[in-house]
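# Observations on chain architecture
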Protein chains: 2
Amino acid sequence: MASQSKENYLKALFHLDQKDKAISVTELGKVMEVKKSSVTNMVKKLAESGWLKYEKYQPIRLTKKGRKAAALIIRKHRLTEMFLVTKMGFGWEEVHDIAEQMEHIDSPILFDKMDELMDSPRFDPHGSPIPSKDGTLHATHFYPLDSFKQNDIVLLKALRHSEHTFLEYLNSKELKLHEQIAIHSIEPFDKSMIVSYGKHTHVVLSATISTNLMCEKVGDI
Amino acid sequence: MASQSKENYLKALFHLDQKDKAISVTELGKVMEVKKSSVTNMVKKLAESGWLKYEKYQPIRLTKKGRKAAALIIRKHRLTEMFLVTKMGFGWEEVHDIAEQMEHIDSPILFDKMDELMDSPRFDPHGSPIPSKDGTLHATHFYPLDSFKQNDIVLLKALRHSEHTFLEYLNSKELKLHEQIAIHSIEPFDKSMIVSYGKHTHVVLSATISTNLMCEKVGDI
DNA sequence: AAAATTTGTTAGTTATAGCTAACTTATTAA
DNA sequence: TTAATAAGTTAGCTATAACTAACAAATTTT
Ligand SMILES: [Mn+2]
Ligand SMILES: [Mn+2]
Ligand SMILES: [Mn+2]
Ligand SMILES: [Mn+2]
């Protein structure tokens, strides 16, 4: 495959691509934390190798080949995260930084073995879907908690992002994936919610939190 | 730590250092599979960072700091190999190439966790000692099978090298680590041996093989 | 429509890590 | 002890991947 840096660009491009709006040099530069000139340079090289299409001043478009390559890197990342949590006993807040490095390891047998030992998991520890071996990423249909109504009962299925501090916060609240959450009320002023889940009753969740909790409705109170 | 390339140089230097003769630019170049000029260049940089001492035309000498850093990389390599074999079900012939990449992963918690899950193993799957967390490498006292005599009974404790083809050969002979080997006779002409071990009786081992099987005497026939 | 701002490109620089070719120093053989 | 060979260094080149500074194109505001 490509270099570590190119692989990280492909991954970033894949994520921007999912947001189905045109991918700009500026945006890619922000995600990659490099200057725009560096992006222009790299994008030219990636285009030469057929990972994407690029014309001066035009949006960047991933090719089929580029999308598949990116999905397979993300597969390695997410399989690793799941392996670290389910087979090695790491917390979900510890695994991203390790996976960020492991995703560049070139060893089909390593990731095939992880997949086998876990019986082909479909989601990573943060609820993100794991692309299949052919590079297909199944779409999920989860919605942010703040899009549901009073008296809805939902399951927490995924997190919109998985920053360390956010995961630590959820740990402190003992809020885990697949937990059932009942929405008692929504404060109209600041959109904060009063919810119950597990052993916790009538907990307040700010809108900042609830907007990052991706859920699925399963019933009413 | 240093770059991946620098880490590989340190590892190579550590191995050459074990052979307690002066380390030359030429030799290091051979091990690293780079030209001598590339070595001179890199050695200058490593010296600047204090990993080794270097003066023009003089042998290269690792510093204490360099030796410790190298040992800790080797620790990561060998812990990984052992983890892959004992916890993931890989064969001892499959793990070196993966460990060669994993040894560069910067994550103390990952390797601490492996260590913990395996109860601090002292040897890797090929019988090489695993340096301790403080960078100490315990010396082993194993000798090649061809240095023992007729009627000696020995244990196979380590391999001198672990090339894929050699390991496959041992697999085909069902010869495993910690196996008890009885030496029935030694052919004076080519130093080949007739030995028994496990379910196998009176197997012929060429000198090429026996010189790479590191053993420890445990008795007589 | 002109001005201001944002977006994107180009040119030139740096660091890393390799290479070849030419040269120098050290060692070994004649 | 000279000549040949081996070992090691230097200078200059390449590729990757970042950077800054200057500029050009596109878009937005006035
Ligand atoms: Mn992650
Ligand atoms: Mn990465
Ligand atoms: Mn190894
Ligand atoms: Mn390595």
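These figures come from a predicted structure and were not determined experimentally.

### Notes on the pairing of strand β6 (residues 193-197) of chain B
Residue and element names in this part refer to chain B. Counting buried residues along β6, 4 of its 5 residues qualify, which places the element largely inside the surrounding structure. Relative to β6, strand β5 (residues 180-186) is paired through 5 bridges, and the arrangement is antiparallel. Bridge pairing in β6 links Ile186 to Met193. Looking at chain direction, β6 and strand β7 (residues 200-205) are connected through 4 bridges and run antiparallel. Along β7, the bridge assignment pairs Met193 with Leu205. Turn length for the β6-β7 hairpin, with the two strands adjacent in sequence and antiparallel, is 2 residues, and the turn residue Gly198 shows positive phi of about 50°.

### A closer look at the interface of chain B and chain A
Interface size is commonly expressed as the accessible area that is lost once the parts come together. Listed per partner, the contact involves 19 residues of chain B and 19 residues of chain A. It is Met88, Gln101 and Lys113 of chain B that lose the most area in chain B upon contact with chain A, and together they represent 33% of the buried surface on that side. In this assembly, chain B and chain A are joined by 2 residue pairs in polar contact (both at pLDDT 80 or more). Elements represented by at least two residues in the side of chain B that touches chain A include exactly α4 (64-88), α5 (96-102) and α6 (108-117) of chain B. Considering only residue class, the side of chain B that touches chain A consists of 11 nonpolar, 4 polar and 4 charged.

### Here's the deal with the sheet that holds strand β5 (residues 180-186) of chain A
Residues and elements named next belong to chain A. A sheet is described by the order of its strands in space; here 6 strands give the open sequence β3-β8-β4-β5-β6-β7, paired in antiparallel fashion. Edge positions in the sheet fall to β3 (143-144) and β7 (200-205), since each has one partner strand and no second. Where strand β4 (residues 152-159) lies against strand β8 (residues 213-220), 7 bridges are found, and the strand directions are antiparallel. Within the sheet, the bridge partner assigned to Asp152 lies in β8 and is Asp220.

### Considerations on the relation of the copies chain B and chain A
Relative to chain A, chain B is turned by 180° and slid 0.0 Å along the rotation axis, the superposed coordinates differing by an RMSD of 0.1 Å. On this basis, the relationship between the two copies can be described by a two-fold rotation axis. The rotation axis passes nearest to the C-alpha of Met102 of chain B in chain B, at a distance of 3.8 Å.

What counts as what
Residues numbered from 1 in each chain as written. Chains lettered and ligands numbered in written order. Predicted model: local features only at pLDDT ≥ 70, side-chain atom pairs only at ≥ 80, totals over all residues. Heavy atoms only, no water. Buried < 20%, exposed > 50% of the residue type's maximum accessible area, 1.4 Å probe, protein only. Helix = DSSP H or I, 4+ residues; strand = E, 2+ residues; numbered from the N terminus. Pairing = 2+ DSSP bridges. Contact = heavy atoms within 4.5 Å. Buried area = accessible area lost by both parts, 1.4 Å probe. Polar contact = N/O pair within 3.5 Å; in protein donor to acceptor, adjacent residues only side chain to side chain. Nonpolar A, V, L, I, M, F, W, Y, C, P; charged D, E, K, R; others polar. Least-squares fit on C-alpha atoms with pLDDT ≥ 70 in both.

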